[in-house]
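Listed below are the residues making up each chain.
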Amino acid sequence: MLISISIPNTLQEISNGRLRNTVDQAGGYKQYNWFVSNPINNYDVTFYIGKYAHWQDSYDGENGKLSIDYWALQTDSAKARPHWDADVKPMLKCFEYWFGPYPWYKDGYKLVEAPHLGMEHQSAVAYGNQFKQGYLGRDLSGTGHGLKWDFITIHESGHEWFGNNITSKDIGDMWVHEGFTNYSEVLFTECTENKAAADEYVIGLQKIIRNDIPVIGPYGVNKEGSGDMYPKGANLISIIRQLINNDEKFRQILRGLNKTFYHQTVTTAQIENYIAKQSGLKLDKIFDQYLRYTKIPVLEYKIDKGSLSYRWVTDVKGFDMPVRVTLKTGAYTLIKPTNDWKTIKVDATVNADNFKHDPLFYINLKKG
């Protein structure tokens with residue numbers, strides 16, 4: 001795409017891709033010609049106009065040297081430099097490790113100050129988080145981990161892989177964009193802190209899930225599903241990671257998604273089938289319950305005389321997701337409930353009141 005915009009020559013204009021040239025025009029105007037070498041979604045096309053400070057850097061990435069361009073308003077450049085420097089290269093390193101090469105080496109990576117909060121404009125990410133940590137100074141997970149980095153820099157850049165590289169054919173499947181990108185925040189926490197911190201972050205996101213309508217919206221009518229596509233989508237991905245129980249295999253699946261569907265539009269079904277095939281797990285009923293129904297699975301249980309009876313109560317018939325629970329105090333064991341009652345022995349210290357599930361599995365418990 002060629003993007004040509006003429007503005008008063010006292011200002012600057014920034015768009016996606018790389019600047020080909022500028023052309024002086026009559027009346028004190030200047031035309032900026034930007035060219036995008038890669039496929040781009042129409043909603044990712046953008047322009048920024050203002051009095052900007054511009055500086056450059058580069059990152060030695062998996063596909064070579066990636067150019068980094070920073071554009072902050074001149075009045076904000078002094079605080080923008082250290083703030084952006086703290087996150088951008090660690091983010092690129094983390095996301096290339098987990099997701100594969102940055103998808104737009106030809107067009108580079110730009111972070112541009114904008115008059116709104118933020119947007120994943122391809123190769124020209126919009127930034128308006130006021131140079132604060134978290135989401136305008138708040139941690140959406142409520143754990144404190146989200147105040148150690150800038151939400152907009154991390155989240156919107158994560159979309160370069162999920163949303164921009166892999167794009168849903170129908171907006172009803174937008175969880176593919178937002179669920180995986182919300183999980184990119186979890187992975188960045190893991191990259192910059194540790195796995196325990198990442199676990200706390202994704203568990204913390206459960207508190208903002210409303211379970212109001214299904215995550216997947218109706219197809220063919222340009223309608224999104226629930227806003228839960230962010231934290232509920234991230235927790236669904238977290239559950240799948242627990243079930244795979246092999247972080248290197250999980251990482252290769254995330255990288256494989258970006259390689260297999262590179263610069264493509266996809267359906268949820270394609271994403272589901274790829275993950276199921278590569279993991280070797282039966283995941284269809286799990287995807288159905290979390291994406292196509294409002295309620296989350298309920299693990300109903302009874303404990304009597306050292307025996308635990310348990311079953312799933314779900315919308316999806318034949319739901320059989322494994323889950324970790326306390327068969328003895330202080331330790332989680334994987335059990336395999338179905339919609340039918342099953343029974344297993346539990347330690348004498350476990351009773352109906354202290355029985356727990358691993359919170360990395362986003363479910364509800366109900367005493368029967």
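Residues numbered from 1 in each chain as written. Predicted model: local features only at pLDDT ≥ 70, side-chain atom pairs only at ≥ 80, totals over all residues. Heavy atoms only, no water.

> Any chance you could explain the overall build of the chain here in plain terms?
A tally of regular secondary structure across the chain gives eight helices and 18 strands. At 23 Å, the chain has a C-alpha radius of gyration in line with the 21 Å of a compact globule built from 368 residues. Overall, the chain is about 90 × 40 × 35 Å in size when its C-alpha atoms are taken along their principal axes. Taken over 368 residues, the chain has a buried fraction of 54%. Summarising the internal contacts of the chain: among those between residues at least 6 apart in sequence, 63% fall at separations of at least 24. Across the chain, the 42 positively charged side chains and the 42 negatively charged ones have centroids separated by 5 Å. (Helix = DSSP H or I, 4+ residues; strand = E, 2+ residues; numbered from the N terminus. Rg over C-alpha atoms; globule rule 2.2 N^0.38 Å. Buried < 20%, exposed > 50% of the residue type's maximum accessible area, 1.4 Å probe, protein only. Contact = heavy atoms within 4.5 Å. Lys, Arg positive; Asp, Glu negative; His and termini not counted. Charge placed at Lys NZ, Arg CZ, Asp CG, Glu CD.)

> Looking at this structure, I do not really get the layout of surface pockets. What am I missing?
By rolling a water-sized probe across the atoms, one finds the places where empty space is left. Reported here for the largest pocket is a volume of approximately 340 Å³. What lines the largest pocket is a set of 20 residues, among which Tyr135, Phe151, His155, Glu178 and Tyr230 lie closest to the centre. Elements with a minimum of two residues in the lining of the largest pocket: helix 2 (151–158), helix 3 (175–192) and helix 4 (195–205). Split by residue class, the lining of the largest pocket holds eleven nonpolar, five polar and four charged. (1 Å grid on protein atoms, 1.4 Å probe; cavity = no way out; pocket = protein on both sides within 12 Å on 5 of 7 lines; lining within 4 Å. Points joined across faces, edges and corners; volume = space filled by probe spheres on them. Nonpolar A, V, L, I, M, F, W, Y, C, P; charged D, E, K, R; others polar.)

> Teacher, can you tell me more about the packing of helix 5 (residues 231–244) against helix 8 (residues 284–292) here?
In a pair of packed helices, the angle between the axes and the distance between the axes together describe the arrangement. Contact pair helix 5 / helix 8: the axes reach a minimum separation of 10 Å and the direction vectors enclose 165°. Put simply, helix 5 runs roughly antiparallel to helix 8. In this structure, helix 5 crosses over helix 8, and the sense of that crossing is right-handed. Where helix 5 approaches helix 8, its residues Lys232, Leu236, Ile239, Ile240 and Leu243 are matched on the opposing element by Ile286, Phe287, Tyr290 and Leu291. Grouping the amino acids of the contact of helix 5 with helix 8 by side-chain chemistry returns eight nonpolar, no polar and one charged. (Axes fitted to C-alpha atoms, helices over the stretch in contact; angles between N-to-C directions. Parallel < 35°, antiparallel > 145°, perpendicular 65-115°, else oblique. Left-handed = near helix turned anticlockwise from the far one by under 90°.)

> How should I be thinking about the pattern of salt bridges in this particular structure?
Opposite charge on two side chains permits pairing when their charged atoms draw close. The final tally for this structure, using the stated rule, is 17 salt bridges. In this structure, glutamate 193 and lysine 148 form a salt bridge, with 2.8 Å as the shortest nitrogen-oxygen distance. Taken together, the positions of glutamate 193 in the loop between helix 3 and helix 4 and lysine 148 in the loop between strand 10 (125–127) and helix 2 put the pair 45 residues apart, joining distant regions of the chain. We classify glutamate 193 as partly exposed; its relative accessible area is 26%. In this structure, aspartate 247 and arginine 241 form a salt bridge, with 2.9 Å as the shortest nitrogen-oxygen distance. (Salt bridge = Lys/Arg side-chain N within 4 Å of Asp/Glu carboxyl O.)

> Is there a simple way to explain empty space enclosed by the protein in this structure?
Taken as a whole and assessed by the stated rule, the structure comprises one cavity of 30 Å³ or more. Put simply, the largest cavity is a space of about 40 Å³. If you trace the largest cavity, you find it lined by Phe180, Ile237, Ile240, Phe250, Ile253, Leu254 and Ile275. Counting residues per element, the ones that place at least two in the lining of the largest cavity are helix 5 and helix 6 (247–260). Here the lining of the largest cavity gets three residues from one element, more than from any other, and that element is helix 6.

> How should the packing of aromatic side chains be read in this particular structure?
Note on aromatic pairs: each is described by the distance of the centres and the angle between the planes. This model, assessed by the stated rule, comprises 27 aromatic pairs. With a centroid separation of 6.1 Å and 65° between ring planes, the pair formed by tyrosine 102 and tyrosine 105 is classed as edge-to-face. For the pair tyrosine 102 and tyrosine 105, one class covers both residues: buried. Directly above the ring of tryptophan 55 sits arginine 81, whose terminal nitrogen or CZ lies 4.3 Å from the centroid. (Phe/Tyr/Trp six-rings, centres within 6.5 Å; stacked < 30°, edge-to-face > 60°. Lys NZ or Arg CZ within 6 Å of the ring centre and 35° of its normal.)

> It is not clear to me how the state of the cysteines should be interpreted in this structure. Could you clarify?
Each disulfide is one covalent bond, formed between the sulfur atoms of two cysteines. Tallying each qualifying case throughout the model produces one disulfide. A sulfur-sulfur distance of 2.2 Å marks the disulfide that ties cysteine 94 to cysteine 191. Here cysteine 94 and cysteine 191 share a disulfide; its torsion about the S-S bond, 75°, makes the bridge right-handed. With a gap of 97 residues between them, cysteine 94 in helix 1 (residues 77–99) and cysteine 191 in helix 3 connect regions that are remote in the sequence. On the basis of relative accessibility, which here comes to 2%, the residue cysteine 94 falls in the buried class. (Disulfide = S-S within 2.5 Å.)

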